[in-house]
Amino acid sequence: MAAVAAFGRACSYGAFRAAWRGFSSVPVKGSCCLYSSLVRAFQTQCSISAPWNVTVEQRRQSSFFNTLTADELWKGALAETGVGVKKGRGKRRKKKLRKNLNRGQEIGEGRSGFLWPGLNAPVIESGRVQAVTQRKKEERERIQSEIVQQRDAWEKKRKIKVKREGGWSGSCWGGVILDPPDPGPNGETYEDFETRVIEVKNVFCMKAKEGRKKSIRALVAVGNGKGAAGFAMGKAGDRMNALRKAKNKAIRCLHFIELYQNHTIYHDITVRFKSTAIRMKKQNKGYGLRCHRAIITICKLIGIKDMYAKVSGSKNLINITRALFKGLTQQETHQQLANQKSLYVVEFREEQGPLPIVVALPEGTVREDPEPEDEVPDTKLEWSEVKEAQGMKKSPWANVRRAAC
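This is a predicted model, so every value here is computed, not measured.

### Quick look at the confidence of the model for the protein chain
Model confidence for the protein chain is summarised by a mean pLDDT of 79, while 77% of its residues fall at 70 or above. Mean pLDDT across the secondary structure elements of the protein chain bottoms out at strand 1 (residues 33–34), with 42, and peaks at helix 9 (residues 317–329), with 96. Contacts of residues 1–50 to residues separated by more than four positions or lying in other chains number 80 contacts, the stretch itself having pLDDT below 50. Below a pLDDT of 50 lies the segment residues 88–92, which in the model reaches eight contacts outside its immediate sequence neighbourhood of four places, other chains included.

Have a look at this one:
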């Protein structure tokens, strides 16, 4: 009790300092009194240099920060296992994400420019153990300027406005341009490919332990504007991972689509996928793209500049994308059609009048007998187009009386 009272009087005179590292003595210049009984009682050590100045330092050898691994710490913070997984069921649950705490900095780097072996410098170089050294002033200034430029680039990227394709509303992710896909395993890059988002949607799955689990599904299309294009879907717990998975998967599922004179398709196409039907018509130069907004975005990635397309049935964006690629990959070029039929392929153009233009010749001999009736395609005509061609289609406002202003 006397030792405790003496310790209380000493602490009331001076300052008390605690550092949780371990229990060791604190060297103090001059005379000092060592209270060994207080070390056993309080697991501390006091070094008194003067009647009015007392310094007490307490240290711990270990804590949960240096006994657990980083994965175990993150698992506890994110509640990935145990009861924490079951908490917050329902659609409003917001999942915590793991963060990279070392982003934008390197362990061991600082303004002083010291090189610490094992952190920012190799431990052994040329067969000798390296000592702690310091960089030159010019090199330190260069490294600091590079760090500042990198942080400024991140800040500009965070504030940059999202570029959307025309026809998409501002509240959805459709038409947003993304960075090119990640480089391949052999170092190949895809800088000439453009990446566009078609759809981002929340999907849910019922789990036995977690209940209603939310995921993000992204539909992304890529293309180089020269006939090579592809699409894919990616699913992840957060939006950016889903977009990254989708664009990296799409670059591995490319289709090559033939273009007529590098601006349109070879012939009219009617295609159906599930409950979605698309009718595409070949157009002359300068016509433009008069289609669904998703078809316009994909056609620009492919390199199609002039086309008309009408979607009937389901307007599901996944069905529209699949139907479009199905129809474009099944089209036949003029040369393929000539070789298949063994006949000349001719085309009627408005500037030539009733005279046909031969666009392809068969590679083999020309067939003399006419084409059988069962091989003639049964093209279904649209009644609205027939009326328009015959001049029977009138404006609904033709017989409406307008009031004089």
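### Some words on the side chain of Thr264
Relative to the helices and strands, Thr264 resides in the loop between strand 12 (254–256) and strand 13 (269–273). A polar contact is formed between the side chain of Thr264 and the backbone oxygen of Asp306, at a distance of 2.7 Å.

### Some remarks on helix 9
The end-to-end C-alpha distance of helix 9, which contains 13 residues, comes to 18 Å, matching closely the 18 Å that a straight helix rising 1.5 Å per residue would cover. Taken together, the buried positions of helix 9 are Leu317, Ile318, Asn319, Ile320, Thr321, Ala323, Leu324, Phe325, Gly327 and Leu328. Of the residues flanking the start of helix 9, the one acting as N-cap is Asn316, its side-chain oxygen 2.8 Å from the backbone nitrogen of Ile318.

### A short note on the nonpolar core
Judged by nonpolar contacts, the single largest core of 33 residues is most densely connected at Ile278, Met280, Ile295, Ile302, Ile304, Met307 and Leu328. Looking at this core, the elements with two or more residues in it are strand 10 (211–223), strand 11 (228–236), strand 13, strand 14 (276–282), helix 8 (293–302), strand 16 (307–313) and helix 9. Once residues lying within four places of it in the same chain are set aside, the contact partners of Ile302 are Gly225, Lys226, Gly227, Ala229, Ile257, Leu259 and Leu328.

Cut-offs and rules
Residues numbered from 1 in each chain as written. Predicted model: local features only at pLDDT ≥ 70, side-chain atom pairs only at ≥ 80, totals over all residues. Heavy atoms only, no water. pLDDT = per-residue confidence, 0-100. Helix = DSSP H or I, 4+ residues; strand = E, 2+ residues; numbered from the N terminus. Contact = heavy atoms within 4.5 Å. Polar contact = N/O pair within 3.5 Å; in protein donor to acceptor, adjacent residues only side chain to side chain. Expected span 1.5 Å × (residues − 1). Buried < 20%, exposed > 50% of the residue type's maximum accessible area, 1.4 Å probe, protein only. Core = buried A, V, L, I, M, F, W, Y, C linked by side-chain atoms within 4.5 Å.

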